[in-house]
Amino acid sequence: MRLYCGPVEPALTHLPILLTAAIVAGLLLGSFLNVCIVRLPQHRSVMHPRSQCVACGKQIAAWDNIPVLSWLLLRGRCRHCRTRISLQYPLVELATAALFVACVLRFGAQWQTLVVAVACFLLMGLAVMDAQTMLLPDAFTLSGIVMGVALRALVPGANTQRAVALVALRDAAVAAAALLLVQGIYGLIRRKWGLGLGDVKLLAMIAAFLGIANTAFALFAGVVGAAKCAR
């Protein structure tokens with residue numbers, strides 16, 4: 001299944017504008033992603049209160065909340081209590097910007113750029129949250145399934161949105177069912193659960209964005225990578 005419409009190569013005249021937009025959007029959304037990473041596993045609102053130091057609780061001023069730049073100017077420390085600010089914050093912002101740039105370079109001014117960029121945003125947040133807390137919040141996985149289906153169905157110029165949406169839903173359901181089957185077989189053999197439902201929702205989200213074939217490859221690559229790390 002094709003994941004994009006139209007030519008892949010971006011127009012060179014538009015490339016600087018697209019890259020600039022990707023960098024700015026990546027840094028800003030990466031900053032918001034840091035808030036999600038800290039608060040969602042704790043079941044806290046990502047909108048209220050405003051950003052604050054995790055050590056002293058002081059609200060962070062807007063000029064101290066500029067992605068990457070503020071961290072550098074403050075030398076990685078809170079302005080009020082001088083507690084060290086985790087390197088995670090600028091790294092997540094830079095990584096999100098880099099992923100958005102990669103999407104632009106791969107797809108150019110295409111709808112698929114938006115689709116893949118949203119998937120990258122969600123997967124970046126889930127990867128960090130999973131590494132830190134071993135949790136995959138529904139706010140990202142379930143919302144991601146909805147966004148994946150919607151973005152695939154709303155391709156500009158398409159006249160088969162309903163059919164595409166049904167295919168995307170089918171892909172998500174098949175991916176979830178396949179992993180549930182693996183979980184059930186493992187449970188019968190080992191008498192314990194080898195996977196959490198968060199993993200099932202995550203795979204369904206990936207399928208909603210990428211389709212079954214690409215999801216199968218992603219699952220295979222993930223299993224191989226995990227096996228090598230476990231050695």
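In the block above lies the structure referred to throughout.
A brief look at the structure comes next. (Residues numbered from 1 in each chain as written. Predicted model: local features only at pLDDT ≥ 70, side-chain atom pairs only at ≥ 80, totals over all residues. Heavy atoms only, no water.)

**Examining the packing of aromatic side chains**
As enumerated under the stated definition, the model contains one aromatic pair in all. Over the ring of Phe107 we find Arg106, and its NZ or CZ is 5.0 Å from the ring centre. (Phe/Tyr/Trp six-rings, centres within 6.5 Å; stacked < 30°, edge-to-face > 60°. Lys NZ or Arg CZ within 6 Å of the ring centre and 35° of its normal.)

**Quick notes on helix H3 (residues 88-107)**
Think of an α-helix as turning once every 3.6 residues; residues three or four places apart then point the same way. In this model H3 runs 28 Å from its N-terminal to its C-terminal C-alpha over 20 residues, within 8% of the 28 Å that 1.5 Å per residue would give. Every buried residue of H3 is listed here: Gln88, Pro90, Val92, Glu93, Thr96, Ala97, Phe100, Val101, Cys103, Val104 and Phe107. Against the buried residues of H3 lie helix H1 (15-39), helix H2 (69-73) and helix H4 (111-133). Positive backbone phi, approximately 70°, marks Gly108, located one or two places after H3. (Helix = DSSP H or I, 4+ residues; strand = E, 2+ residues; numbered from the N terminus. Expected span 1.5 Å × (residues − 1). Buried < 20%, exposed > 50% of the residue type's maximum accessible area, 1.4 Å probe, protein only. Contact = heavy atoms within 4.5 Å.)

**Structural notes on unusual backbone geometry**
A cis geometry characterises the amide bond from His48 onward to Pro49, with omega recorded as -5°. By the secondary structure assignment, Pro49 is in the loop between H1 and H2. Phi is positive for His43, which is not a glycine, with a value near 60°. Mapped onto the secondary structure, His43 falls in the loop between H1 and H2. Residue classification places His43 among the exposed residues on the basis of a relative accessible area of 76%. Although it is not a glycine, Arg75 adopts a positive phi angle of roughly 55°.

**Quick notes on the environment of Ile23**
The topology assignment puts Ile23 in helix H1. The spatial distance from the C-alpha of Ile23 to the C-alpha of Ala178 is 37 Å, given a sequence separation of 155 residues. Contact partners of Ile23, with chain neighbours within four places excluded, come to Ala97 and Val101.

**Examining the side chain of Ser31**
Mapped onto the fold, Ser31 is located in helix H1. Residue contacts for Ser31: discarding those within four places in its chain leaves Asn65, Pro67 and Glu93.

**Looking at the packing of H3 against H4**
Close contact between H3 and H4 brings their axes to 9 Å; oriented N to C, the two are set at 150°. Here H3 lies roughly antiparallel to H4, going by the angle between them. Here H3 runs over H4; the crossing is right-handed. Along the contact surface, H3 presents Gln88, Val92, Ala95, Thr96, Leu99, Phe100, Cys103, Val104 and Phe107, while H4 presents Gln112, Thr113, Val116, Ala117, Cys120, Phe121, Met124, Val128 and Gln132. Grouping the constituent residues of the contact of H3 with H4 by class yields 13 nonpolar, five polar and no charged. (Axes fitted to C-alpha atoms, helices over the stretch in contact; angles between N-to-C directions. Parallel < 35°, antiparallel > 145°, perpendicular 65-115°, else oblique. Left-handed = near helix turned anticlockwise from the far one by under 90°. Nonpolar A, V, L, I, M, F, W, Y, C, P; charged D, E, K, R; others polar.)

**Comments concerning the packing of H4 against helix H5 (residues 138-153)**
When two helices pack together, you describe them by how their axes are tilted relative to each other and by the distance separating the axes. Between H4 and H5, whose axes approach to 11 Å, the crossing angle comes to 170°. Taken together, the axes of H4 and H5 lie roughly antiparallel to each other. Residues Trp111, Leu114, Val115, Val118, Phe121, Leu122, Gly125, Leu126 and Met129 of H4 lie in contact with H5, whose contacting residues are Phe140, Thr141, Gly144, Met147 and Leu151. When the residues that make up the contact of H4 with H5 are grouped by side-chain class, the tally is 11 nonpolar, three polar and no charged.

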